[in-house]
Amino acid sequence: MVFQERTYSVLVVSASASFNRAAGDLLPMTDYWPVTFVKSVAEAKRRLLEQPFDILLINAPLPDDLGMRLAIDTCDSSTAGVLLLVKSELYNDVYAQAVPYGVMTLPKPTSLQMMAQALRVLCATRERLRKMEERQATVEEKIREIRLLNRAKWHLIESRGMTEAEAHRHIEKQAMDLRLSKGEAAQRILDGCEQRSAP
């Protein structure tokens with residue numbers, strides 16, 4: 001892969017030493033870091049609770065489970081890209097069950113080139129999801145600020161007898177005078193820390 005500013009954290013779930021060696025070769029530190037290897041679904045679940053990963057790579061079957069439920073649950077509860085490798089005779093059934101949840105599935109045996117391409121698709125998908133997360137966080141922050149402004153306005157209306165327009169202008173003036181965001185000015189008013197000007 002071409003040098004890039006961002007690296008992708010990877011959790012590889014596989015009990016096969018040969019698969020892990022091959023996967024390690026496909027995951028250079030310049031593009032994928034940190035890369036963590038675990039050997040079971042139980043161990044993977046513990047790691048996923050400890051920290052988020054960008055990519056989950058599952059080499060099924062595992063000693064304690066096939067790994068499909070782990071793949072589905074991870075897609076359902078996080079924004080990680082998930083690649084599940086299963087024996088070719090199970091591929092069609094597993095694919096049909098996993099694809100509605102966003103799990104990418106490959107049959108085994110598969111070529112290193114195919115795995116490398118699948119990993120690149122997961123990186124692209126992760127970037128798309130990251131942008132969606134950022135947009136959602138921005139929207140949620142704006143909603144929080146609007147709620148805060150409304151609470152501060154009602155406080156000014158009730159405690160100082162202002163009209164809504166006067167309360168709104170008051171918050172804007174406080175924000176400008178104190179070089180704060182409107183949300184910060186509203187919070188100061190609610191906290192009773194508003195700097196009152198002398199009469």
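Residues numbered from 1 in each chain as written. Predicted model: local features only at pLDDT ≥ 70, side-chain atom pairs only at ≥ 80, totals over all residues. Heavy atoms only, no water.

Re the nonpolar core
Phase 1: By size, the foremost hydrophobic cluster in this structure holds 21 residues, and its most contacted members are Val13, Ile58, Leu84 and Val103.
Phase 2: If you tally residues by element for this core, the top one is helix α3 (residues 68-77), at five residues.
Phase 3: With near-sequence residues (within four places) excluded, Ile58 lies in contact with Val13, Gly67, Leu70, Ala71, Val82, Leu83, Leu84 and Leu85.
Phase 4: Among the nonpolar cores identified, the runner-up in size contains 18 residues, and Val12, Tyr32, Leu83 and Leu119 belong to it. (Core = buried A, V, L, I, M, F, W, Y, C linked by side-chain atoms within 4.5 Å. Buried < 20%, exposed > 50% of the residue type's maximum accessible area, 1.4 Å probe, protein only. Helix = DSSP H or I, 4+ residues; strand = E, 2+ residues; numbered from the N terminus. Contact = heavy atoms within 4.5 Å.)

Quick look at the packing of helix α6 (residues 164-178) against helix α7 (residues 182-191)
Phase 1: α7 packs onto α6 with a crossing angle of 105° between their chain directions and a minimal axis gap of 8 Å. Between α6 and α7, the angle is such that the two are roughly perpendicular. Taking contact as the criterion, the partners of His170, Ile171, Glu172, Gln174, Ala175 and Leu178 in α6 are, on α7, Lys182, Ala185, Ala186, Arg188 and Ile189. (Axes fitted to C-alpha atoms, helices over the stretch in contact; angles between N-to-C directions. Parallel < 35°, antiparallel > 145°, perpendicular 65-115°, else oblique.)

Some remarks on the packing of aromatic side chains
Phase 1: This structure, assessed with the given rule, holds two aromatic pairs.
Phase 2: Taking 6.5 Å as the distance between ring centres and 50° as the angle between the ring planes, the aromatic pair formed by Tyr8 and Tyr32 counts as tilted. Remark: Tyr32 occurs in strand β2 (residues 32-38) and Tyr8 occurs in strand β1 (residues 8-13); sequence separation between them is 24 residues. Summarising the burial analysis for this pair, Tyr8 and Tyr32 share the class buried. (Phe/Tyr/Trp six-rings, centres within 6.5 Å; stacked < 30°, edge-to-face > 60°.)

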